[in-house]
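Fold and geometry: a report
Spelled out from the first residue to the last, the chains are:
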Amino acid sequence: SPDEMAGTAARTLAMPEIAALRPRLIAELPVYGIGEEDAVELATFGVVDALCVSADGTPELVIDWKSDVSPSASAANHYRQQVSRYLEVTGIPAGLVVFVSTGEVLQVTAPAREARSAAVV
C-alpha cells in the first residue's frame, strides 16, 4: 500500500546510519567494470541504489536498499557479494546493505584485490 511504502521509506531515511549520510547521497548510479577471478575475466554492470560522496565529491560508500521482509542468511550473503563486487570494480572502500523492512544494516568492506578498469557514471 502507498502508506506502508511511504512509512518504510521515511523510517529508513531516519535511521541514524542513513540520516547522517543523507546530505551526501546520490541516487541510482550505473556501475560497471572488468575484473578477473581465478584467471576468468568478469564483467560487472549494475545500478548502485545510493552513493555517498565526500565533501570533495569522491565516492566513499555504496548503499544497496533491500525490501526483503524476512531475508534468509543465503539472501543476505548474496547481497553482500553483490555490494562487494561493486566495491571491487569501483575502488570504493565500503558499502551497506540496508533492509528497509527490518532496519537491519550489513556492512561490507572492499576486497583486497584491485580491478583492472572501472567506472561510476
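An account of the accompanying structure is given in this report. (Residues numbered from 1 in each chain as written. Predicted model: local features only at pLDDT ≥ 70, side-chain atom pairs only at ≥ 80, totals over all residues. Heavy atoms only, no water.)

Here we look at the nonpolar core
- Among the nonpolar cores identified, the biggest contains 18 residues, and Val48, Leu51, Val62, Val83, Leu87, Val97 and Phe99 are the most heavily contacted of them.
- Of all elements in the fold, only strand E1 (25-37), strand E2 (40-53), helix H3 (73-90), strand E4 (94-99) and strand E5 (105-109) reach the threshold of two or more residues within this core.
- Broken down by element, this core gets its largest block of residues, seven residues, from H3.
- With residues up to four places along the chain from it excluded, the contact list for Val83 reads Val62, Asp64, Gly95, Leu96, Val97 and Val108.
- Grouped together as the second largest cluster of nonpolar side chains are nine residues, Ile18, Ala50, Ile63 and Leu96 included. (Core = buried A, V, L, I, M, F, W, Y, C linked by side-chain atoms within 4.5 Å. Buried < 20%, exposed > 50% of the residue type's maximum accessible area, 1.4 Å probe, protein only. Helix = DSSP H or I, 4+ residues; strand = E, 2+ residues; numbered from the N terminus. Contact = heavy atoms within 4.5 Å.)

Let's talk about the pattern of salt bridges
- Under the defined criterion, the tally for this structure stands at three salt bridges.
- Note that Glu60 is salt-bridged to Arg24, the shortest N-O span being 2.2 Å. Pair noted here: Glu60 is in strand E3 (residues 59-66) and Arg24 is in the loop between helix H2 (16-19) and E1, with a separation of 36 residues, a long-range link.
- Using a relative accessible area of 29% as the deciding quantity, one classes Glu60 as partly exposed.
- On the basis of relative accessibility, which here comes to 29%, the residue Arg24 falls in the partly exposed class. (Salt bridge = Lys/Arg side-chain N within 4 Å of Asp/Glu carboxyl O.)

Some thoughts on the pairing of E5
- Residue alternation in E5 divides its side chains into a buried set, Leu106 and Val108, and an unburied set, Val105, Gln107 and Thr109.
- Pairing of E4 with E5, which is carried by five bridges, proceeds in the antiparallel orientation. When the sheet's bridge partners are listed, Leu96 is paired in E5 with Gln107.
- Where E4 hands over to E5, the hairpin turn is made up of five residues, of which Gly103 adopts a positive phi near 80°. (Pairing = 2+ DSSP bridges.)

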